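Letter by letter, the chains look like this.
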Amino acid sequence: MTESLTQLQARRIALAAQGFTARPHTTPSMKTFDRTLARTGVLQVDSVNVLQRAHYMPLYSRMGPYDVDLLRRASERRPRRVVEYWAHVQALMPVELWPFMRHRMEHYRSERGKWGFTADATLEPRVLDAVRDRGPVTARHLEEEFSTGPRTKEHWGWNWSEARKVLDYLFLVGDVAIAGRTSQFEVLYDLTERVLPASVLAAPTPTPQEAVTELVRRAARSHGVASATCLADYYRLRLQPAPGRASAKVAIDQLVEEGELVPVAVQGWTRPTWLHRDAVLPRKVAARTLLSPFDPVVWERARLEALFDFFYRIEIYVPAEKRLHGYYVLPFLLGDRLVARVDLKADRAAGVLLVPGAFAEPHAPAGTAAELAAELRRLAGWLGLDDVVVGDRGDLSGPLSYALGPALDR
């Protein structure tokens, strides 16, 4: 008989799997970081810096205020714990996942890249030699040397130099790796063997299906309870079988047969769903935090709506006059519900956390404004900001402003 879960039970399982029930450490340490990364699996990287870089936020949401140097140490210093690759999208992932991404690297090599355009193949050995001699380097360091003419501007956001195109291709196929980033967020490329631990490079290469099965297994642990779409989306895997290609569906069938995934019926879900055998159903979730638009909890929108009754879209690329809630809007997690959303901006020059808009969900409890005020003070302190200033957009802005009271001590 298939096990059944209520929506509330599924939601609590999902939040526990993502690390929201872990006992907080007074001062987050590298041990806290390792524990948190084991839950999320990956940290999406994004260039938007209106509040804080995307990869720092999921750690804050689960660990509380922490020294961001923990992530820098983990990603840039030996022993390196995480490395960037196209895991979900561009993301920091545990270094031990590198062999399980080799099937993806070989696919990019056979397709000569990604996104429909590729690099000048004749430049690849020369650029690789330059990285070998001078790495770690940014694309800007090599731009003039490998330019074949003026940079075009017909593709907004993609008018890369030839050096950048080649470096990105070499990164996709695993010939170079990302050693870190500059203070301007520029990628620093270096030879893969100078970035990754030797033990990782020496690890055997799994077959494509073995790799996909391991990635689905990790996705299932990070989700706790999930549909096939959820499991495939976590590491952006092909769901259905195709000739010569590995698939998440084959992986799911294998993990069900082995007993690692258990079929389960979730209230309100019409699609087949599975529970990871090690998933935990907590009696309660006592979270109070803000979630980045790039947090794993909000990646898969249908899953988010099914678990939380929360309709959410990122409006960064929506014209300002057409935005419903704002430019950079973060869901507010209180207990086991998403009870509000706030548009946030860090005004670093003025030392102020700006809240242009605050919006309560229909089921938000009476104390939402006070709880959100406390969370915004905590976030501002972590970002090194001295004050929180609330605008007038949204039904929660007035109560939130009142709950914040006098300006923070400067």
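Use the structure listed above.
Residues numbered from 1 in each chain as written. Predicted model: local features only at pLDDT ≥ 70, side-chain atom pairs only at ≥ 80, totals over all residues. Heavy atoms only, no water.

## Details of the sheet that holds strand β2 (residues 43–44)
- If you walk across this open sheet you meet the three strands as β2-β4-β3, and the pairing is antiparallel. Of all the strands in the sheet, just β2 and β3 (82–86) have a single pairing partner and so form its edges.
- As paired strands, β3 and strand β4 (residues 90–94) are joined by five bridges and run antiparallel to one another. Looking at the pairing, Val82 lines up with Pro94 of β4.
- In this fold helix α4 (residues 69–76) packs onto β2, β3 and β4, with an angle of close to 75 degrees to the strand it touches most, β3. (Pairing = 2+ DSSP bridges. Helix = DSSP H or I, 4+ residues; strand = E, 2+ residues; numbered from the N terminus. Contact = heavy atoms within 4.5 Å. Axes fitted to C-alpha atoms, helices over the stretch in contact; angles between N-to-C directions.)

## Some details on the environment of Thr26
- Within the secondary structure layout, Thr26 lies in the loop between α1 (7–17) and α2 (30–40).
- Separated by 273 residues in the primary sequence, Thr26 and Trp299 have C-alpha atoms spaced 29 Å apart.

## Considerations on the pattern of salt bridges
- According to the stated counting rule, one finds 26 salt bridges in the structure shown.
- Two residues, Arg134 and Glu145, come together in a salt bridge whose shortest N-O distance is 2.9 Å. One end of the pair, Arg134, is in helix α6 (residues 124–134); the other, Glu145, is in the loop between α7 (139–143) and α8 (162–172), with 11 residues separating them in the sequence.
- Given a relative accessible area of 41%, Glu145 falls into the partly exposed group.
- With its nearest N and O atoms 3.1 Å apart, the salt bridge here joins Asp233 to Arg236. (Salt bridge = Lys/Arg side-chain N within 4 Å of Asp/Glu carboxyl O. Buried < 20%, exposed > 50% of the residue type's maximum accessible area, 1.4 Å probe, protein only.)

## Some thoughts on α8
- Counted residue by residue, α8 has nine buried out of 11 residues, so it is predominantly covered.
- Among the residues making up α8, those that are buried are Glu162, Ala163, Val166, Leu167, Asp168, Tyr169, Leu170, Phe171 and Leu172.
- Residue Gly174 follows α8 closely and has a positive phi angle near 85 degrees.

## Quick word on α1
- A large share of α1 lies buried, amounting to nine of its 11 residues.
- For α1, every residue scored as buried is listed here: Gln7, Ala10, Arg11, Arg12, Ile13, Ala14, Leu15, Ala16 and Ala17.
- One or two steps after α1, the chain reaches Gly19, where phi turns positive at roughly 95 degrees.

## Focus on the side chain of Gln90
- Looking at the secondary structure, you find Gln90 in strand β4.
- Within the structure, Gln90 has its side chain in polar contact with the side chain of Glu84 (distance 2.8 Å).
- Sequence-distant contacts of Gln90, that is, excluding residues within four places in its chain, are made with Gln44, Val45, Glu84, Tyr85, Phe171, Ile178 and Arg181. (Polar contact = N/O pair within 3.5 Å; in protein donor to acceptor, adjacent residues only side chain to side chain.)

## Observations concerning the packing of aromatic side chains
- Applying the stated criterion to the full structure yields seven aromatic pairs.
- Among the aromatic side chains, those forming a connected cluster through ring pairs are Tyr60, Tyr66 and Trp382.
- The cationic tip of Arg271 hangs over the ring face of Trp269; the distance from NZ or CZ to the ring centre is 5.6 Å. (Phe/Tyr/Trp six-rings, centres within 6.5 Å; stacked < 30°, edge-to-face > 60°. Lys NZ or Arg CZ within 6 Å of the ring centre and 35° of its normal.)

## Thoughts on unusual backbone geometry
- Here the residue pair Arg78 and Pro79 is connected by a cis peptide bond, since its omega of -5 degrees sits within 30 degrees of zero.
- With respect to the helices and strands, Pro79 occurs in the loop between α4 and β3.
- Residues Gly135 and Pro136 are joined by a peptide bond in cis, for which omega reads 5 degrees.
- The phi dihedral of Phe185 falls on the positive side, at around 75 degrees, and the residue is not glycine.
- Turning to its location among the elements, Phe185 is positioned in the loop between β5 (176–181) and β6 (187–191).
- On the accessibility criterion, Phe185 (14% relative accessible area) is buried.
- For Arg236, which is not glycine, the phi torsion reads 50 degrees and is therefore positive.

## Looking at the environment of Glu300
- Relative to the helices and strands, Glu300 resides in the loop between β10 (287–290) and α14 (301–308).
- Considered as a pair, Glu300 and Tyr56 are 244 residues apart in the sequence and their alpha carbons are 20 Å apart.
- Filtering out sequence-adjacent residues up to four positions away, Glu300 remains in contact with Thr229, Cys230, Asp233 and Arg271.

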